[in-house]
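# Reading the structure
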Amino acid sequence: MSVKSQGELKDKTLVVVFGASGDLARKMTFPSLFGLFKDGFLPPKTHIVGYARSDLERKDFEDRLTGGLDMEKESKDKVEEFKKISSYVKGAYDEDDAFKNLEKELQKMADKDFDGESNRVYYLAVPPSQFTSLADKLHKNNYKGTSNRLVIEKPFGKDSDSAKEMMDAITKDGWKQEEVYRIDHFIGDEMARSIMQLRFANELLIDSLFNKDKVSAVLIELKETFGCEGRGGYFDEFGIIRDVLQNHSMQLLTFLAMDKPESLEEDHIRDEKVKVLQSIKPIKNDEAVMGQYTGNGDKPGYLDDESVENKESKTATFGEVVLRIDNDRWSGVPFILKAGKAIEEDALRIVIQFKQAENSLYPSTDPNELVIELYEKKVYFKVNSKKPTMDGGIVRPEMVLDYETKFDGLDAPQPYEFVIREVLKGNQKSFVRQDELEEEWRIFTPLLHYSEGKESARPVEYKYGSNGPKESQEFEKKLGFVVT
Ligand code: NDP
């Protein structure tokens, strides 16, 4: 499924952020727009417009605009300049009059600063329930740019049917596929992006190991020390599978497992990612561990949290599943995806565990591993080595590529800076293609329906701050993953 890319926006651009009063806008969207502005990556004439229903005075809006910045580190002058190119418009998300008013404001800015012309980027940092209504109103009233782009955030739907319904509604409203940018910010993560080079710029050394003859298991894990405090409203509706596994973890899996694309052209890469997904059967209900955290005396359990209204909620805050890729390269290798909140450490980690050689002279050594630490920005091999003592013995130290030390003063772009820049450049390759999304949902929908149905058991319990449910370790062991 090929999607044409739009061209780069080189000038005169209005970036309208819907949900400007919200969490994502403050934590990610505005700081990333500032980062791009500061480094000269926004088109030369750009205006940022925050839009929401809240009654925000100029000062309140500026607090939102800069609330996510580390003011100790930023240049005050740059922050002031950024404020000057930003403004706030208050309005509803479902009334044509509000969008007509927005259009008047946008046109005023374009007339004043851009000789009447403008490109438009509409960034929906609002709950998914608002996407289709906003897309409809925007197309009807504000599709007036030389170029128009609509940016939406995961989760894209709740299962196969609702995702399709949402995307059909958006394109029925008139938006073209190439104008819709579905953000999964893991695609913009520096370390996730570097998997391509790690494999294919070291083809004989590293990619040649990526297959069923050498690899025994792959683990992709995202652990967060924080629970759902205060965000239970959102989380209880979606749960850990829709929040992480179905989208972020699957992006990492496809980068790891795809075959070598014909070229670096965007559709060649995305075609290979989709082929991997097409080789995966839906997850079996009995091949998953679903967990929910309880209090530990200090921190509240999920159900004790004030923001979780349903005190009998079965929403999982921990999820672990196994995917099997049924193709020549990977058949028989379990890909274990694990994600949990309120866990003992913050980590985003990929572990590729290797088989032992037959007839090894050292048969009782731990398996070799290639580990990618995405948060710590490290890649290392765990290799067996002689202990440097008189009597030897085997130890398993790490051969490390530490990006922070190697690239002194590392200034890698933040994931959201990267993806927003890709929207401005019109590079669809950095976004989730519709067939990719459909395949992701196909794999997860049966498990979601089952676990949310009446017949399924409650999620197993684990304590806030622990290493997750004990069932998780048993699950990994059964799949042949060696915890060392
Ligand atoms: P919020 O809940 O903070 O909502 C953003 C804004 O939308 C609010 O300030 C509010 O603005 C408006 N809003 C909230 N609820 C409703 C509602 N029921 N009906 C209409 N408007 C509403 O969301 P986030 O900022 O956390 O997330 C926005 C999007 O980004 C979501 O799709 C989320 O899944 C996604 N996302 C969020 C991440 C995060 O870290 N927060 C990370 C990755 C993705 P007002 O009332 O002023 O109009």
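Please read these numbers as outputs of a predicted model, since none were measured by experiment. (Residues numbered from 1 in each chain as written. Predicted model: local features only at pLDDT ≥ 70, side-chain atom pairs only at ≥ 80, totals over all residues. Heavy atoms only, no water.)

## Some thoughts on the site of the ligand
The criterion, for reference: Note on terminology: near, applied to a residue and a molecule or strand, indicates that one of the residue's heavy atoms is within 4 Å of it. Whenever a nitrogen or oxygen atom comes within 3.5 Å of another N or O atom, the pair is scored as a polar contact, on the condition that within protein one atom can donate a hydrogen and the other can accept it, and that pairs from neighbouring residues in sequence are kept only if both atoms are in side chains. Numbering goes from the N terminus for both helices and strands, where a helix is a DSSP run of H or I of at least four residues and a strand is a run of E of at least two. Side-chain classes are defined by residue name, with Ala, Val, Leu, Ile, Met, Phe, Trp, Tyr, Cys and Pro counting as nonpolar, Asp, Glu, Lys and Arg as charged, and the others, Gly among them, as polar.
In the region of the ligand, 22 residues are neighbours, and S21, L24, R53, S54 and Y93 sit closest. Measuring from an oxygen atom of the ligand, one finds a backbone N or O atom of L24 at 2.7 Å. The contact in question runs from an oxygen atom of the ligand to an N or O atom on the side chain of Y93, over 2.6 Å. Per-element accounting of the shell around the ligand gives the leading share, 3 residues, to helix α1 (residues 23-38). The class makeup of the residues in the shell around the ligand is 11 nonpolar, 5 polar and 6 charged.

## So, the sheet that holds strand β2 (residues 46-52)
We apply this condition: Pairs of strands are assigned from DSSP output, requiring at least two bridges between the strands. For every element, the axis is a line fit to its C-alpha atoms; helices are fit only across the contacting stretch, and the angle between N-to-C directions ranges from 0 to 180 degrees. In this description, contact between two residues means that some pair of their heavy atoms is separated by no more than 4.5 Å.
Spatial ordering of the open sheet is given by β3-β2-β1-β4-β5-β6, a layout of 6 strands whose pairing is parallel. In this open sheet, the two edge strands, each paired with only one partner strand, are β3 (86-90) and β6 (180-183). Shown here is a sheet whose adjacent strand axes are inclined to one another by a mean of 20°, direction ignored. Looking at chain direction, strand β1 (residues 13-18) and strand β4 (residues 119-124) are connected through 6 bridges and run parallel. In the strand pairing of β4, L14 is matched with R120. Sitting on the sheet, helix α11 (residues 415-425) touches β1, β4, β5 (148-153) and β6, and the angle it makes with β5 is about 155°.

## A few points about the pattern of salt bridges
Counted only if it meets this: The term salt bridge refers to a pairing of a side-chain nitrogen on Lys or Arg with a carboxyl oxygen on Asp or Glu at a separation within 4 Å.
Per the counting criterion, the structure on display carries 45 salt bridges. A salt bridge links E105 to K108, with the shortest nitrogen-to-oxygen separation between them at 3.4 Å. One end of the pair is E105 and the other is K108, both in helix α4 (residues 96-113) and 3 residues apart, which spans about a single turn. Connected through salt bridges with shared partners, the residues E221, K223, K338, E345, R349, E373 and E476 form a single ionic network.

## Points about the packing of helix α8 (residues 232-257) against helix α9 (residues 266-278)
Heads up, the rule is: For classification purposes, an angle smaller than 35 degrees is called roughly parallel, one larger than 145 roughly antiparallel, one from 65 to 115 roughly perpendicular, and anything else oblique.
Between α8 and α9, the shortest axis-to-axis distance is 9 Å and the interhelical angle comes to 105°. Classed by the angle they form, the pair α8 and α9 counts as roughly perpendicular. Where α8 abuts α9, its residues M250, Q251, L253, T254, F255 and A257 lie against K273, V276 and L277. Here the residues of the contact of α8 with α9 sort into 6 nonpolar, 2 polar and 1 charged.

## Concerning the sheet that holds strand β11 (residues 347-354)
Ordered in space as β16-β13-β12-β11-β7-β10-β9-β8-β17, the 9 strands form an open sheet in which the pairing is mixed. Lying at the two open borders of the sheet, with one neighbouring strand each, are β16 (398-402) and β17 (460-463). Each neighbouring strand pair of the sheet contributes to a mean axis angle of 15°, computed without reference to strand direction. One ladder, built from 7 bridges, connects strand β9 (residues 318-324) with strand β10 (residues 334-340); its direction is antiparallel. Each residue of the ladder has a partner; that of F318, found in β10, is G340. Where helix α7 (residues 190-200) meets the sheet, it contacts β11, β12 (369-373) and β13 (378-382), and its direction lies at approximately 145° from that of β12. Relative to β9, helix α13 (residues 470-478) is tilted by about 10°, and along the sheet it contacts β7 (215-223), β8 (288-294), β9, β10 and β17.

## Here's the deal with the environment of D168
Within the element layout of this structure, D168 appears in helix α6 (residues 160-172). Separated by 36 residues in the primary sequence, D168 and T132 have C-alpha atoms spaced 9.5 Å apart.

## What to know about unusual backbone geometry
Of note, the bond from K154 into P155 is cis; its omega dihedral lies within 30 degrees of zero at 5°. Position of P155 among the secondary structure elements: in the loop between β5 and α6. Phi angles above zero are rare outside glycine, and K12 is one such case at about 45°. Mapping K12 onto the fold places it in the segment before β1. Phi at D115 is positive, roughly 55°, even though this residue is not glycine. Within the element layout of this structure, D115 appears in the loop between α4 and β4.

## A word on the nonpolar core
Applied cut-off: Residues enter a nonpolar core if they are buried and are Ala, Val, Leu, Ile, Met, Phe, Trp, Tyr or Cys, with the set joined through side-chain atoms within 4.5 Å. The cut-offs for exposure are 20% and 50% of the maximum accessible area for each residue type, with area from a 1.4 Å probe on protein chains only; residues under the lower value are buried, those over the upper are exposed, and the others partly exposed.
Counting residues in each nonpolar core, the largest one holds 143 residues, and the members touching the most others are F18, L323 and F444. At 11 residues, α8 tops the list of elements feeding residues into this core. Aside from chain neighbours lying at most four places away, what touches F444 is I241, L245, Q246, M250, I283, V321 and L337.

## Here's the deal with the confidence of the model for the protein chain
Basically, it comes down to this: Note: pLDDT gives the predictor's confidence per residue, expressed from 0 to 100.
When pLDDT is averaged across the protein chain, the result is 95; 100% of the residues are at 70 or more. Taken together, the chains of this predicted complex give a pTM of 0.94 and an interface ipTM of 0.97.

## Details of a nonpolar patch on the surface
Our working rule: A patch consists of residues whose relative accessible area exceeds 30% and which take part in no salt bridge; residues with like charges are grouped when within 9 Å of each other, and nonpolar side chains (Val, Leu, Ile, Met, Phe, Trp, Tyr) when within 5 Å. For every accessible area listed, the method is Shrake-Rupley and the probe measures 1.4 Å; residues are considered covered only by the protein chains on display.
On the surface, a nonpolar cluster with roughly 370 Å² of combined accessible area is contributed by L361, Y362 and I394. Residue class for Y362 comes out exposed when judged on its relative accessible area of 51%.

## Looking at α9
Count 3.6 residues to each turn of an α-helix, and residues three or four apart come out pointing the same way. Basically, it comes down to this: Between the first and last residue of a helix there are one fewer steps than residues, each counted as 1.5 Å, and that sum is the expected span.
Here α9 spans 18 Å end to end across 13 residues, near enough to the 18 Å set by a 1.5 Å rise per residue. Of all 13 residues that make up α9, 10 are buried, and the element is covered over most of its length. Looking at α9, one finds that the buried residues are E266, D267, H268, I269, R270, E272, K273, V274, V276 and L277. Taken together, the buried residues of α9 touch α7, α8 and α12 (434-452).

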